[in-house]
Structure formats: structure tokens, C-alpha cells
Amino acid sequence: MRYILGEHNILFLKSFAFTILFLSCIAIRLNLCLSSIPSSLKSIPLEGHLKLDQVSLSHAARDFGNRYQYNPMAVLQPESVSDIVATIRHIWLMGPGSHLTIAAKGHGHSLQGQAQAHGGLVINMESLKVPEMQIHVDEGNKSPPYVDVSGGELWINILHETLRYGLAPRSWTDYLHLTVGGTLSNAGVSGQTFRHGPQISNVQQLEIVTGTGEVLNCSAENNGDLFHGVLGGLGQFGIITRARIVLEPAPTMVKWIRVLYSDFTAFTRDQERLISAEKTFDYIEGFVIINRTGLLNNWRLSFNPRDPVQASHFKSDGRTLFCLEMAKYFNVEEIDAANQEVEEHLSRLSYIPSTLFSTEVTFVDFLDRVHISEVKLRSKGLWDVPHPWLNLLIPKSQILNFAQVVFGNILSETSNGPVLIYPVNKSKWDNRTSVVIPEEDIFYLVAFLTSAVPSSNGTDGLEHILSQNKRILEFCERAQLGVKQYLPHYNTQQEWRAHFGPQWETFLQRKSVYDPLAILAPGQRIFQKAITFS
């Protein structure tokens, strides 16, 4: 009996030793592989340089969402497109035996770590300054003017440069300190989208570096599949290194107006009427106000009430209110005509008369309005906090149902950040791009732009806001509203399949052609790089 037990022990020890040896071999192999990666990367001929220091890696692992932090192995500071090409091609040639992935990072405004590459390589697109900005104007006016810019250029810089020629892009985001490649990889929406479409509808050409290190010039007519795939493609098919953006004559001034509604149906009816008319305002947005007091007094810091006496008597009484925000662009010499147009449009709206507030600002100050708020928040240490934002695209037919359940029920206040709500026209979006939108001719963007107070356990804390977002999404799914996420985030491919719906097969096909090893944009969590050990 003693012999049999000893035999089992010996067998167990042998098995245990073999397991340890096997695991040790794997660990040694992985460690050797990992330790050889930096020297391999260092062999790439670059005009720019690689950063391997901890400060650079930590910076690359942060974004505006301030919730996920995945350190890369290295950060590439490219000086030229050839740096990006050489780096991607090098990793592509390493084949499926390499674990390395690549994320292009712009100004770091992602919300869920989408521009991070855990253990991979982050490309700092803002260091790519070529080509220099070039503005082209057809003297015969046969084609619209345009500007050629780097994919790492900030929109605010494009604004300032194009204004020197009296021109500006047609479509914007609310925040201009974002890179061209970043917004075009999503869509780029704001209050001008109803008229001009998102930013991806205002691009003529792109230069793309694919996941195999190939550089392709693309347009709707030339390499059209890649052109449309990259627009709204979440960085999955290539890195945007150059873009040609359509321009139009720029105004110098903006008449900026806010009015309030207590009736949601009247609010949406007026919004839809305005975006459907040929000539109304140049910018139309809206936002929701729940349990906010002293709102009109806050407006007085920047806006003037039409009737100060009536405005001072207005009481919100804890109601859920809806603000319609409009802007009319004009040049100084056109002020009288602009005022007359504004009055005509306002006369057809059903807002609460005592809540009409307006101001006049420069075109630059209007477009860069969020940056002014950013400076104030940074000074108070309130900018670099978690931002568990939720952005939804909701069909027009379901917006009332959504509002009745969410505003004032699931959402009990809006003091932690704005809740935007405004309609856009589907006809202004190109259905050949990768972005996913609802089927109806008019759909709404509803954006819950909340900020979480660190270490708070209350309604302004991260966990409460995330729970609130989950309840909203669960309601949308349960009620089958046909909602699509903008700036989407999912953890499983099954969820991504549901998000893309009928477009999934096209998306999958494009991935297999332009990034077959799934090297690019791992932070989106759509595809996982397959690694083989040979």
C-alpha cells in the first residue's frame, strides 16, 4: 500500500514538474518575444522617433473618458507619412506570430479607450504636420473651394487658417480641438448637420495607410470602397493621413438665440419644421433641463433677454424644460436683413415668450464656444474627470416615447452636464459610409454629456451615471426603438454584429481586405488580433 501511494506521488510530481516546465517555456518564449520587440521597432528607419519612456506611455494611455488606461509598448511621433507606412508595414511583415497592434491617437478625446493599444503601439497623429495646410480656390467658381490638411490637424487650426481667405468648412463638431482623422473616423456632428450633413459628408479625398502598410489616395470615384469604409469606420481599415475638406464663404458674425419650451411635442415640432425648411437658421440644436433653478439668470452672463421684466418673472417650478438653440450667420453689413429673417422665423415658433434670449458674437467665438468653457473648467480642476458619455441616434417616430420614459424618470436631473437633443436629415448622410444610423428620414441625436465627480457615491458619481446609462440602453432595447449608438462602444463581437445589422457583412469584408491581421484600432474591441506561435 505504501508502494502504491509512493507511485502515485511520483507520477504526480512528474506531471507537476512537466506542467511547470511547459509553462516556464511559454513564459520564457513570451518574455523573449516581448523583450525583442523594442529593438525590432528601433530598427525601423524613421524621420520621427519612438518614445519608450513611462511618461509618454502613460500619456498615450489616457483619454477624455478618463476611465480606461492601457499602456502601449511604445509611442510613435511621426514626422512624415512614410514613418507611419514603415511602422505598419514592419508589424504587418511580422505576421500573425506578433502580438503587436496599432492605434492612431489624435487629441485623445475618446471616451472608452478606443485610441489605446494595450502592449502595442500608439501613433501620435498630432505630430504629423505634413502636408502643410493648402487652400485651393477655383477662380472660375466651377467647383467649391477646399483645403488639404494632415489627418492629425486640429479643426480649430483649420478654422483660423481658412478664415484668412474668407472661407471655412461647412460642417463642424461642437468642440474644435479634435483632429481631422478622429472626427472623420466617427462622423462629426453638430448643429450644422441638418443642412450640410456630418463632416464625413463634406470630404472629397483621403490619403489612407491601410493595415498592410499600403498608401492609397481615395475618393468616391477612386478606391471608393476604402474611401467610404474609412469614413465612420472607427479606424478599422486604415489611418487617415490627409483629407480634402470642402469650404464655403465664411461669415464674420453670428446671432445666437435661445428659447425655452415646456411642451416636448411643440419643441420637436418646431425643430423639425426648422430643419425641413430651405432657409432658416444655420445652426440648430437643443438641450434638456431637469431640476435646474436660476437658469435664465445664468444666461444673462452671455445673453440678453428680449423682455427683461417678463424674464425675471419666469419660474421653472421644477418642470422639465427644453431649450431650442439657434444661430444665424451674417456679415456686419447684412445685420438688418439678418435681424428681419430671424424675426420672421421666430414668429412661427411656439416657445415660451418670456424666455427669448439672444446675443451677437464673432463667428470664431461661436464655433469655439466649448473651448471657453473648457478653460474655465480646467482652472477649477473639473475637466480631467471621468466622462461616461452616452450618445444615441433615435428615429423621429420614437423620440416622444423615449422622452416620456427617460426625461424626468430615468434621468432625474441635468446638473452634471448637458443633455443635447436635436434632429438631422438622413438625406444629408451617405449610406455608403461605415457609420450606422436609423432608417427614418429624420432622426435625433440625444447626447448625455455627463461628468462624474471622482470618489463621489451620490448621483454625480461614476457608478450612478453608468447605472443610469445602462437603464436607458435597456429601455431602448426592451421597447425596440431602433436606436443606434453614436461613438459606439461594445465588448463583444455579437454586440457589434447587432449594432451594424445588415452592414456587418460589408464591414467584415472591408476588414479582411484592408486590415486582414486586425492590427489597427484594437481599442474599439470589434476584432481581436489572432496570434499564432510557430
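This is a predicted model, so every value here is computed, not measured.

Parameters and conventions
- Residues numbered from 1 in each chain as written.
- Predicted model: local features only at pLDDT ≥ 70, side-chain atom pairs only at ≥ 80, totals over all residues.
- Heavy atoms only, no water.
- Helix = DSSP H or I, 4+ residues; strand = E, 2+ residues; numbered from the N terminus.
- Rg over C-alpha atoms; globule rule 2.2 N^0.38 Å.
- Buried < 20%, exposed > 50% of the residue type's maximum accessible area, 1.4 Å probe, protein only.
- Areas by Shrake-Rupley, 256 points an atom, 1.4 Å probe, with all protein chains shown as cover.
- Lys, Arg positive; Asp, Glu negative; His and termini not counted.
- Charge placed at Lys NZ, Arg CZ, Asp CG, Glu CD.
- Phe/Tyr/Trp six-rings, centres within 6.5 Å; stacked < 30°, edge-to-face > 60°.
- Lys NZ or Arg CZ within 6 Å of the ring centre and 35° of its normal.
- Domains from an automatic or database assignment.
- Contact = heavy atoms within 4.5 Å.
- Salt bridge = Lys/Arg side-chain N within 4 Å of Asp/Glu carboxyl O.
- Polar contact = N/O pair within 3.5 Å; in protein donor to acceptor, adjacent residues only side chain to side chain.
- Nonpolar A, V, L, I, M, F, W, Y, C, P; charged D, E, K, R; others polar.
- Core = buried A, V, L, I, M, F, W, Y, C linked by side-chain atoms within 4.5 Å.
- Pairing = 2+ DSSP bridges.

Asks: For this particular structure, what's the right way to read the overall build of the chain?
Replies: Scanning the chain for helices and strands turns up 17 helices and 19 strands. A globule of 534 residues ought to have a C-alpha radius of gyration of about 24 Å, and the chain, at 26 Å, matches this closely. The principal-axis extent of the C-alpha atoms belonging to the chain is close to 100 × 65 × 45 Å. Here the chain holds 534 residues, and 53% of them are scored as buried. If you sum the accessible surface of the chain, you get close to 24,500 Å²; carbon and sulfur atoms cover 53% of it. The positive charge centre, built from 45 side chains, and the negative charge centre, built from 51, are 6 Å apart in the chain.

Asks: Whenever I open this one, the packing of aromatic side chains confuses me. Can you help?
Replies: The geometry of an aromatic ring pair is captured by the separation of the ring centres together with the interplanar angle, meaning the angle of the planes. Counted according to the given criterion, the structure contains 28 aromatic pairs. Through successive ring pairs, a cluster of aromatic residues spans F237, Y490, W496, F500, W504, F507 and F527. Between the NZ or CZ atom of R369 and the centre of the ring of F366, over which it lies, the distance is 4.5 Å. Looking at R525, its charged tip hangs above the ring of Y68, at a distance of 5.2 Å from the centre.

Asks: Looking at this structure, I do not really get the domain arrangement of the chain. What am I missing?
Replies: Often, the extent of an interface is quoted as the loss of accessible area on bringing the components together. In terms of domain boundaries, the chain breaks down into domain 1 (35-250 + 511-533) and domain 2 (253-485). Computed from C-alpha coordinates alone, the two centres of domain 1 and domain 2 are separated by 29 Å. Domain 1 puts 38 residues into the contact, and the matching count from domain 2 is 43 residues. Note that D282 is salt-bridged to R195, the shortest N-O span being 3.1 Å. The interface formed by domain 1 and domain 2 contains 20 residue pairs in polar contact (both at pLDDT 80 or more). Going through the elements one at a time, α4 (155-163), α6 (193-196) and α7 (224-230) are the ones with two or more residues in the side of domain 1 that touches domain 2. Considered class by class, the residues forming the side of domain 1 that touches domain 2 number 17 nonpolar, 17 polar and 4 charged.

Asks: Explain the nonpolar core to me, please; I cannot follow it from the model alone.
Replies: Note that soluble globular proteins tend to have their nonpolar side chains buried in a common cluster. Of all hydrophobic cores here, the largest spans 82 residues; its most connected members are L184, L206, I245, L260 and F366. Mapped onto the domain boundaries, this core takes at least three residues apiece from domain 1 (35-250 + 511-533) and domain 2 (253-485). Apart from residues lying up to four places away in sequence, I245 is in contact with P145, Y146, V147, V149, W155, P169, V180, L184, N202 and V203. Judged by nonpolar contacts, the second largest core, of 42 residues, contains V259, A266, V288 and F407.

Asks: Could you clarify how one ought to interpret the sheet that holds strand β18 (residues 442-448) in this entry?
Replies: Across a sheet, paired strands are connected by hydrogen bonds in the backbone, their directions being either parallel or antiparallel. Overall, antiparallel pairing links the 9 strands, which are arranged β13-β15-β11-β14-β12-β17-β18-β16-β19 in an open sheet. In this open sheet, the two edge strands, each paired with only one partner strand, are β13 (304-305) and β19 (484-486). Here strand β11 (residues 253-261) pairs with strand β14 (residues 321-330) via 9 bridges, running antiparallel. Paired with R258 across the strands is E325, a residue of β14.

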